[in-house]
Amino acid sequence: MPTVLRVGWVPKSLALWVKGLGQYGKHAAAKKAGFRKEDVIISIDQRTQRMTESELIGQLLRQHKAGESIPVTVRRGGQDVLLTVPVAMRSHQEPTASQLNSTA
């Protein structure tokens, strides 16, 4: 049986702390999705294993297209909260016609 840490996480499990959120424009996507400062991300797209932020983002960008939504579970005040966050378009990626039409 795995050892449970005092904060309630199992070793080798995902736990990314939300230290801050963008407030305006494209930087406010997480805030608009319902994230709050001090949330702890414990699952993204059903991934719960421990990894770095860079590893996680790399995997997500390889497996999802801009405009898709990804389920994210955060621990907030001892409760698990399910959120959905959109995959942003990469700065070097041109929008498709359907993406342009969906924002019009």
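Above: the structure in question.
Residues numbered from 1 in each chain as written. Predicted model: local features only at pLDDT ≥ 70, side-chain atom pairs only at ≥ 80, totals over all residues. Heavy atoms only, no water.

Enquirer: Could you clarify how one ought to interpret the pairing of strand β3 (residues 69-76) in this entry?
Expert: Look at any regular strand and the pattern is simple: side chains alternate between the two faces of the sheet. Here strand β2 (residues 40-44) runs beside β3; their pairing, made up of four bridges, is antiparallel. Across the sheet, V40 pairs through a bridge with R75, a residue of β3. Bridging between β3 and strand β4 (residues 79-86) involves eight bridges; their strand directions are antiparallel. Each bridged residue has a counterpart across the sheet, and for T73 the counterpart in β4 is L82. Here β3 folds back onto β4, and the loop between the two strands holds two residues, one of which, G77, carries a positive phi near 55°. (Pairing = 2+ DSSP bridges. Helix = DSSP H or I, 4+ residues; strand = E, 2+ residues; numbered from the N terminus.)

Enquirer: What is the right way to read the nonpolar core from this model?
Expert: A general trend in soluble globular proteins is that nonpolar side chains are found buried together. Grouped together as the largest cluster of nonpolar side chains are 16 residues, with contacts concentrated most on F35, I41, I44 and V72. Elements that contribute at least two residues to this core include exactly β2, α2 (53-63), β3 and β4. For this core, the element with the most residues is β3, which contributes three residues. Setting aside its immediate chain neighbours within four residues, V72 contacts F35, I41, S43, I44, V81, L82, L83 and V85. (Core = buried A, V, L, I, M, F, W, Y, C linked by side-chain atoms within 4.5 Å. Buried < 20%, exposed > 50% of the residue type's maximum accessible area, 1.4 Å probe, protein only. Contact = heavy atoms within 4.5 Å.)

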